[in-house]
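# Inside the fold
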Amino acid sequence: MVHETRSRAHAAAQEEGKAATKKQKTESKDQERGQLTSKNKKLKAEESEPNGKGAAFREFAEFCKSIGEHLSVEDMRKILQANEQDASGSEDAVVPRCEDMMFYGPLEKCPVCGGQLEFKGWKYKCTGTYSEWARCTFSTSDPTRKSGPIKVPDDIKDDFIHKWLKQQEGKEFPKRDVDEEAHIFSGMMIALSGRMSRSHGYFKEQIMKHGGKVNTSVLGVTLVVASPAERDKGGSGGFAEALERGTPVVSENWIMDSIEKKEVQPLAAYDIASDVVPEGRGLPLGQLDPSEEAIETLASEVKLAGKRAVHKDSKLEKDGGCIFEKDGIIYNCAFALCDLGCDLNQLCIMQLVMVPENRLHLFYKKGPIGHDQMAEERVEDFGSRVNDAVKEFVRLFEEVTGNEFEPWEREKKFEKKSMKMYPLDMDVGVDVRHGGAALRQLGTAALHCKLDPSVSYLVKQLCGQEIYRYALMEMAQDLPDVPIGMLTDLHLKRGEEVLLKMRKDAESVPESGPEADVFWTEISNKWFTLFPTTRPYIMRGFEQIADNVASGLETVRDINDASHLIGDVFGSTLDDPLSECYKKMGCSINPVPEDSEDYKMILSYLEKTYEPVKVDDVVYGASVERIYAVESSAFPSYEKIKNLPNKVLLWCGTRSSNLLRHLHKGFLPAICHLPVPGYMFGKAIVCSDAAAEAARYGFTAVDRPEGYLVLAVASLGNEITEVTGTPGAEDAQGFEEKKMGVKGVGRKMTDESEHFTWRDGVKVPCGKLVPSRNKNGPLEYNEYAVYDPKQVRCFAPKQVSICFLVGVKYEEQNMEVVPDEE
């Protein structure tokens, strides 16, 4: 039975081995040995001549040997300076830089950032920085060089150098020919493990031919290459040792694909061993399957919940520890740094924690985000030496950030001068993922709640942890070490400023090329430093800015509002915490009876204007679970709204995690204009006459089928502008200044013959969805933009019931029901 469970690849390989005769094996080995003997000499030569140009390389090698004998490192620095080249760094950096410059000519500065180019591996790469947020990513195999002779300072009298320079007068500098293929695996030490589809000798030849080296031991190698069949049979000794050491193990296809595409392919795409990592070692969250990461983070305890929260890993909270405060300063900081150009995504936590009997401890944790096993972590006991502890904290802050501590803590003055970590400005209070009610508490809380059971059901969702954890999980920002739900308004404001500058700069950046590459790298670094994630990536284009930056910022902002309103239910001594949270919301919520005219009207409006949501290959319908009539002090009174012109009942989509903020403080307009649906109208509140459009925002996830849609009455004003294309930034600004209503015409519209007027002249565009004349428009459904927030009445008085919160359940359609086997 054990043998039957092995993979076909492994079984086929084993059968092939049994079928091979001893004679065939011997002939194969002899042939392979003969091929390697003749080729190893060539490989040794090529290994010393990586550009594949024998004569040219030998000439350069001889020149390098000669100047090494005639020039000191200090002389080389002087020559580099005289020719406006970088003369800094160690001997290992200065010598090859000087050799390259004197033989091939002085390099011009980087065309992107003005930094110094340097030959690394098989390309000239920029060593400069594009900004304080990003290192320059420019590279080329054919850099621009300065014309004219090499300049040598007068105090360098060596005859060889001057004679050589004399010989070069009138000649052009030779071009440094670089064979890209010969350097694909440059700088990599690779081990081959177990039986593979082809002989080890073949793969060794390919690796060495393309600039890499092969080691027989796993110790010290960059990665291990093995056949997928190796893992199925338990792996060879090298395979097992690689797992123990945490060395990447990839399939042999990685070698062939890298050669075919002329560049090293991402190891993660060829990984064959991460899911069998030895117990206790763990994997970074970002390398787990997204579903596995979700399980890991949703079940994890929040380790840092706010400015006054003691980090769980310090274990000092159990001893009665609390964050140390002195002269109005709270000694608790969190920092982040994302540098995608160097594959860095790091987090740092620093705290001074006072435990009973006045013993002060410094907790310090720094390492890759989502990989605790690789983090540096320590707790240092300073006892009663308060001044020493404070000095060490301040020193570490400056070391980590390059800034002074007090100006940051007192005045929030911070200047990012280099690629160092940036402080996350935490607020006092408790992150809702910790302070909100946990699943095990919600049942008890609802049991003692004095609210109507239907209302307590809604409040229970809004005051629990679950919807906020899921929202952050979907954005991969649910890090236990980061109180993402307890950031200050200042930090959120900086995020908004970054977004606005990002949007403005993106308008003028080229579509492709080195400048575009480094620009998108910079803004991605900046964003994922301010709002850390386990899965940072280089964003490109306005759609990704909208999905990850604008929408993400709005979600984090609303979760922060929820954290402040809910507080710490864990620490609450209230008998009825749900009712207390309901009072703080400042609104009145009442269930709408199913036999009422309002309920029937809303049900019809939803059914006629809804189309199934498609996720991958699965289609989901929506059914109404409950409807609430809502009145909120955050919106103008009905007496004001009913006297405004052109009132329409429209759908608004929202995440469940954003709903509490809407009820408590009202809707906010979009942060900025972006030329994509949802943001193309600028700073507007956007609604739709199609429930299908709102459902896209309200849809949660396949395993969480419940969501909410909002029905709002919006006054579009006397003048309505219809838009069939994508408005530009200037158009959106004009809409904002005139405060007019705008209708974006979708490719589908509601059948106007079925529209009707409801109460007080409120129009209800309830009609089945039909094709419009705007077949090539950017919007699938009609969108309505309102620019004056006072013109939107999202929640009306309960006695009128003109606005509603609709709880829906998304259900898989055409699902095949398989009966249980008896």
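Residues numbered from 1 in each chain as written. Predicted model: local features only at pLDDT ≥ 70, side-chain atom pairs only at ≥ 80, totals over all residues. Heavy atoms only, no water.

So, about the overall build of the protein chain. When you go through the protein chain residue by residue, the secondary structure sums to 26 helices and 32 strands. The buried share of the protein chain, reckoned over its 822 residues, is 50%. Partitioning the intrachain contacts of the protein chain with sequence separation of at least 6 by distance along the chain shows that 72% fall at a separation of at least 24. Roughly 39,800 Å² of accessible area belongs to the protein chain as shown, and the carbon and sulfur atoms make up 48% of that amount. (Helix = DSSP H or I, 4+ residues; strand = E, 2+ residues; numbered from the N terminus. Buried < 20%, exposed > 50% of the residue type's maximum accessible area, 1.4 Å probe, protein only. Contact = heavy atoms within 4.5 Å. Areas by Shrake-Rupley, 256 points an atom, 1.4 Å probe, with all protein chains shown as cover.)

Attention now goes to the pattern of salt bridges. Charged atoms that come close allow side chains of opposite charge to pair. This model, assessed by the stated rule, comprises 45 salt bridges. E84 is the partner of K146 in a salt bridge, and the nearest nitrogen-oxygen pair spans 2.7 Å. Linking K146 in the loop between β5 (139-140) and α6 (159-168) with E84 in the loop between α4 (73-82) and α5 (91-104), this pair joins segments that are 62 residues apart in sequence. As a salt-bridge pair, R385 and D388 come within 3.1 Å of each other at their nearest N and O atoms. Take R385: its relative accessible area is 41%, and that puts it in the partly exposed class. Residues joined in a network through salt bridges with shared partners are K303, D313, K365, D372 and D481. (Salt bridge = Lys/Arg side-chain N within 4 Å of Asp/Glu carboxyl O.)

Strand order in this open sheet of 3 strands is β1-β2-β5, and the pairing throughout is antiparallel. At either end of the open sheet lies a strand with only one pairing partner, and these are β1 (117-120) and β5. Direction of pairing for strand β2 (residues 123-126) relative to β5: antiparallel, over a ladder of 2 bridges. Counted as the bridge partner of K125 is S139 from β5. (Pairing = 2+ DSSP bridges.)

Scanning all chains against the criterion turns up 2 cavities of 30 Å³ or more. In this structure, the largest cavity encloses a volume near 40 Å³. Lining the largest cavity are T297, L298, S300, E301, V302, R433, R469, D478 and P480. Here the lining of the largest cavity is composed, by residue class, of 3 nonpolar, 2 polar and 4 charged. By volume, the second largest cavity amounts to about 30 Å³. Taken together, A437, A445, C463, V569, P577, L578 and C581 form the lining of the second largest cavity. (1 Å grid on protein atoms, 1.4 Å probe; cavity = no way out; pocket = protein on both sides within 12 Å on 5 of 7 lines; lining within 4 Å. Points joined across faces, edges and corners; volume = space filled by probe spheres on them. Nonpolar A, V, L, I, M, F, W, Y, C, P; charged D, E, K, R; others polar.)

Looking now at helix α22 (residues 597-609). Taking 1.5 Å of rise per residue, 13 residues should cover 18 Å, and α22 covers 18 Å from first to last C-alpha, within 8% of that figure. Every buried residue of α22 is accounted for by D598, Y599, M601, I602, Y605, L606 and T609. The buried side chains of α22 occupy one side of the element, clustering within an arc of 165° when seen end-on. Set apart from the buried face of α22 by more than 90 degrees, the exposed residues are E597 and E607. (Expected span 1.5 Å × (residues − 1). Arc of directions from axis to C-beta.)

Time to look at the nonpolar core. Looking at soluble globular proteins, one finds that nonpolar side chains tend to be buried together. I566, I589 and W651 are the most contacted members of the largest nonpolar core, which has 147 residues in total. Residues within four places of I589 in sequence aside, it is in contact with V455, L458, Y582, Y628, A629, V630 and L663. Membership of the second largest hydrophobic core comes to 22 residues, among which are L71, M76, I79 and L165. (Core = buried A, V, L, I, M, F, W, Y, C linked by side-chain atoms within 4.5 Å.)

With that settled, the discussion passes to the packing of aromatic side chains. Under the defined criterion, the tally for this structure stands at 23 aromatic pairs. Between F528 and Y537, the aromatic rings sit 6.0 Å apart at their centres with planes inclined by 45°, giving tilted as the arrangement. Among the residues examined, F528 registers a relative accessible area of 5% and is labelled buried. Judged by relative accessible area, Y537 falls into the partly exposed class, the value being 28%. Put simply, the rings of F324, Y331, F335, F393, F397 and F405 touch in pairs and so form one group of aromatic residues. Here the basic side chain of R198 rests over the ring of Y202, its NZ or CZ set 3.8 Å away from the ring centre. The ring of W133 has K416 lying over it, and the distance from NZ or CZ to the ring centre is 4.7 Å. (Phe/Tyr/Trp six-rings, centres within 6.5 Å; stacked < 30°, edge-to-face > 60°. Lys NZ or Arg CZ within 6 Å of the ring centre and 35° of its normal.)

A separate point is the environment of E780. Along the chain, the position of E780 falls in the loop between β29 (769-771) and β30 (783-786). Look at E780 and you get partly exposed, because its relative accessible area is 21%. When the C-alpha positions of E780 and K748 are compared, they lie 5.9 Å apart, and in sequence the two are 32 residues distant. Other than its neighbours up to four places away in sequence, E780 contacts E611, R696, G746, R747 and K748.

Compared with an ideal rise of 1.5 Å per residue, which puts 17 residues at 24 Å, helix α19 (residues 514-530) spans 25 Å between its outermost C-alpha atoms and is within 8% of the ideal. Counting buried positions along α19 gives 14 out of 17 residues, so the element sits mostly inside the fold.

Mapped onto the secondary structure, F160 falls in helix α6. The partly exposed category is assigned to F160, whose relative accessible area is 25%.

Here we come to the side chain of N83. Residue placement: N83 occurs in the loop between α4 and α5. Owing to a relative accessible area of 5%, N83 belongs among the buried residues under this scheme. With residues near it in sequence (within four places) discarded, N83 still touches M101, P106, K146, P149, I150 and K151.

So, about the sheet that holds strand β6 (residues 189-193). With parallel pairing, the 4 strands of this open sheet are ordered in space as β7-β6-β8-β9. Here the strands that pair on one side only, and so sit at the sheet edges, are β7 (213-215) and β9 (249-251). When strand polarity is set aside, the average angle formed by the axes of neighbouring strands in this sheet is 40°. Of the strand pairs in this sheet, β6 and β7 are connected by 3 bridges, and their pairing is parallel. For I190, the partnering residue across the bridge sits in β7 and is V214. Set on the sheet, helix α7 (residues 200-209) makes contact with β6 and β7; between it and β6 the angle comes to about 165°. (Axes fitted to C-alpha atoms, helices over the stretch in contact; angles between N-to-C directions.)

Let us now look at the packing of α4 against α5. For the pair α4 and α5, interaxial distance at closest approach is 9 Å and the crossing angle is 55°. By the angle between their directions, the pair α4 and α5 is classed as oblique. The handedness of the crossing between α4 and α5 comes out as left-handed. The segment α4 lies against α5, with V73, M76, R77, I79 and L80 engaging E91, V94, V95, R97, C98, M101 and M102. Residue classes in the contact of α4 with α5 are distributed as 9 nonpolar, no polar and 3 charged. (Parallel < 35°, antiparallel > 145°, perpendicular 65-115°, else oblique. Left-handed = near helix turned anticlockwise from the far one by under 90°.)

The next point concerns the confidence of the model for the protein chain. Residues at a pLDDT of 70 or more form 84% of the protein chain, whose mean pLDDT is 83. Here residues 1-52 scores under 50 on pLDDT; set against residues more than four positions off or in separate chains, the count is 34 contacts. (pLDDT = per-residue confidence, 0-100.)

Positive phi, close to 55°, is recorded for N358, a residue that is not glycine. Mapped onto the elements of the fold, N358 is located in the loop between β14 (344-355) and β15 (359-368). For N358, a relative accessible area of 56% gives the class exposed. Even without glycine at this site, A476 takes up a positive phi of about 55°. With respect to the secondary-structure elements, A476 resides in the loop between α17 (466-474) and α18 (489-506).

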